[in-house]
Amino acid sequence: MRRRDFIALLGGTAAACSGAWPLAARAQQSAAPVVGVLAAGSPSGFWGGLFAAFRQGLSEVGYSENHNATIVARWAEDHYDRLPALAADLIGHQPAVIAAFATPAANAAKAATTAIPIVFGIIADPVQIGLVTSLNHPSGNITGVSLLGVEVGPKLLELLHEAVPSATILALLVNPTNPNATNQSKMLQAAAARLGLQLHMLNAANPGDFEPAFAKLSDLQVAALMIAQDVLFTTEVEQLGKLAVRYKIPAIYVQRSFAAAGGLMAYGANERDAYRQVGIYTGRILKGEAPSDLPVMQATKFDLVINLKTAEGLGLNLPLPLLGRADQVIE
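Cut-offs applied
- Residues numbered from 1 in each chain as written.
- Predicted model: local features only at pLDDT ≥ 70, side-chain atom pairs only at ≥ 80, totals over all residues.
- Heavy atoms only, no water.
- Helix = DSSP H or I, 4+ residues; strand = E, 2+ residues; numbered from the N terminus.
- Buried < 20%, exposed > 50% of the residue type's maximum accessible area, 1.4 Å probe, protein only.
- Contact = heavy atoms within 4.5 Å.
- Areas by Shrake-Rupley, 256 points an atom, 1.4 Å probe, with all protein chains shown as cover.
- Arc of directions from axis to C-beta.
- Salt bridge = Lys/Arg side-chain N within 4 Å of Asp/Glu carboxyl O.
- Core = buried A, V, L, I, M, F, W, Y, C linked by side-chain atoms within 4.5 Å.
- pLDDT = per-residue confidence, 0-100.
- Pairing = 2+ DSSP bridges.
- Axes fitted to C-alpha atoms, helices over the stretch in contact; angles between N-to-C directions.
- Parallel < 35°, antiparallel > 145°, perpendicular 65-115°, else oblique.
- Left-handed = near helix turned anticlockwise from the far one by under 90°.
- Polar contact = N/O pair within 3.5 Å; in protein donor to acceptor, adjacent residues only side chain to side chain.

**Considerations on the overall build of the protein chain**
If you tally the helices and strands in the protein chain, you get 14 helices and 13 strands. Expressed as a percentage of the 331 residues in the protein chain, the buried residues total 53%. Residue pairs in contact within the protein chain that sit at least 24 positions apart in sequence constitute 70% of those at least 6 positions apart. When the accessible surface of the protein chain is summed, it comes to about 14,400 Å², and 52% of that surface belongs to carbon and sulfur atoms.

Pasting the structure below:
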């Protein structure tokens, strides 16, 4: 046995016995480390695009699937109750790192292991929901990228108010099961008060709740709608866009495809860029960096998309400064 191999073997044995960080031993023992992906959604459509961005990030750090890395992905297909079993299945493949797509997946991965590094891409506040103790010093085995879902909320409200200044009664569609639901609601109620607006809360915990929620808009005399950021709404974004068209309500959401589906506006983090960074962090951990040394990143690239056709259909004359700031105008 060569001296280098003997040292690697000793290192792996010591890590196994002491509970020390196992990554270095794994990296030396395997030329093609296993990368686990635990995702709340499905591999097609929106999440499929983020998976591609994740793989792009991995490649930027020097890892490509079927070349020098093996990706094992497990998709919950929006059935979050499946995530614990899927996480356990992934761990059985002995991944060097697990990438968790969306908050439910991140929570399930963290509950499943304290030894395997985890890199998340989430739309929640990772400190508030207990994933990490600090953004700058996450500690433990987990780090990742936050899409600033809560903090960007007041900006969406301001943009909607700018687009429909005559609307004084608005509604917020929120998923009450979201860990950030209470914080989102309080923050946006305060933001609405500063703008002199009245904000009603509408709940939707599953797609079957969407239609009843939109049906309440007229009774509440709501003139504009904001949709709070949530993985459920992101997954069903096209349905929400179509409902906004059917109920003729000016609406805004963080997902660019919401505007493409008929919603008035979209403003939010560029998800593909964020998940590319998840891939980069994953690659850096494969190279030997510890999650605790990688600060939680916050999205910095945001896109404003306006559906001008929808605005015309609603009889809205959008301000030119607002149109001028748009990254994309759908005509």
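Next, the rest of the story.
**Focus on helix H10 (residues 237-246)**
For H10, the full list of buried residues reads Val-237, Leu-240, Gly-241, Leu-243 and Ala-244. All buried residues of H10 fall inside an arc of 160° around its axis, so they share one side. Opposite the buried face of H10, by more than 90 degrees, sit the exposed residues Lys-242 and Arg-246. Looking one or two residues beyond H10, the residue adopting positive phi is Lys-248, at roughly 50°.

**Here's the deal with the pattern of salt bridges**
In this structure the tally under the stated criterion is eight salt bridges. One salt bridge connects Arg-325 with Glu-162, and the closest N-O pair in it is separated by 2.7 Å. Here Arg-325, found in helix H14 (residues 320-325), pairs with Glu-162, found in helix H6 (residues 153-163); they are 163 residues apart in sequence, far enough to count as distant. The exposure class of Arg-325 is partly exposed, given its relative accessible area of 41%. Among the ionic contacts, a cluster of salt bridges with common partners joins Glu-60, Asp-273 and Arg-276.

**Some remarks on the nonpolar core**
In summary, soluble globular proteins display a tendency toward joint burial of nonpolar side chains. Membership of the largest hydrophobic core comes to 54 residues, with the highest contact counts inside it found for Leu-173, Phe-214, Leu-225, Phe-233 and Met-265. Of all the elements, strand E6 (residues 169-174) adds the most residues to this core, at six residues. Look past the residues within four positions of Phe-233 in its chain and what remains in contact with it is Leu-173, Val-174, Asn-175, Ala-204, Phe-210, Ile-227, Ala-228, Leu-240 and Tyr-253. Core analysis: the second largest hydrophobic core is formed by 34 residues, Val-35, Ala-40, Trp-75 and Val-119 among them.

**Quick look at unusual backbone geometry**
Despite not being glycine, Glu-77 shows a phi value in the positive range, around 55°. Mapped onto the secondary structure, Glu-77 falls in the loop between strand E2 (70-75) and helix H4 (83-92). What makes Glu-77 partly exposed here is its relative accessible area of 38%. The residue Gln-221 is not glycine, and still its phi comes out positive at about 60°. For Gln-221, the location among the structural elements is in the loop between helix H8 (210-219) and strand E8 (224-227). Owing to a relative accessible area of 60%, Gln-221 belongs among the exposed residues under this scheme.

**Regarding the confidence of the model for the protein chain**
Averaged over the protein chain, the pLDDT score is 88; the fraction of residues at 70 or greater is 90%. In the predicted structure, residues 1-30 sits below a pLDDT of 50 and forms 22 contacts with residues beyond four places in sequence or in another chain.

**Things to note about the sheet that holds strand E5 (residues 142-146)**
If you walk across this open sheet you meet the six strands as E2-E1-E3-E4-E5-E11, and the pairing is parallel. The open sheet is flanked by E2 and strand E11 (297-298), the only strands paired with a single partner. Of the pairings in the sheet, the one linking strand E1 (residues 34-39) to E2 comprises six bridges and is parallel in character. Within E2, the residue paired with Val-37 across the bridge is Ala-73. Contacts from helix H3 (residues 45-60) reach E1, E2 and strand E3 (97-101), with the element oriented near 155° to E2.

**Remarks on the packing of H3 against helix H12 (residues 271-286)**
Following both chains from N to C, one finds H3 and H12 inclined at 40°, their axes separated by 6 Å at the closest point. Considering their axes alone, H3 and H12 lie oblique with respect to each other. Crossing of H3 against H12: the hand is right-handed. Every residue of H12 that contacts H3 at Phe-46, Trp-47, Gly-49, Leu-50, Ala-53, Phe-54, Gln-56, Gly-57, Leu-58 and Glu-60 is listed here: Glu-271, Arg-272, Tyr-275, Arg-276, Val-278, Gly-279, Ile-280, Thr-282, Gly-283 and Leu-286.

**What to know about the side chain of Asp-230**
With respect to the helices and strands, the residue Asp-230 is situated in the loop between E8 and helix H9 (231-235). In terms of polar contacts, Asp-230 uses its side chain to reach the side chain of Asn-175, at 3.1 Å. Engagement of the side chain of Asp-230 in a polar contact is seen with the side chain of Asn-178, the distance being 2.6 Å. Leave out the neighbours within four places in its chain, and Asp-230 touches Ile-123, Asn-175, Asn-178 and Tyr-253.

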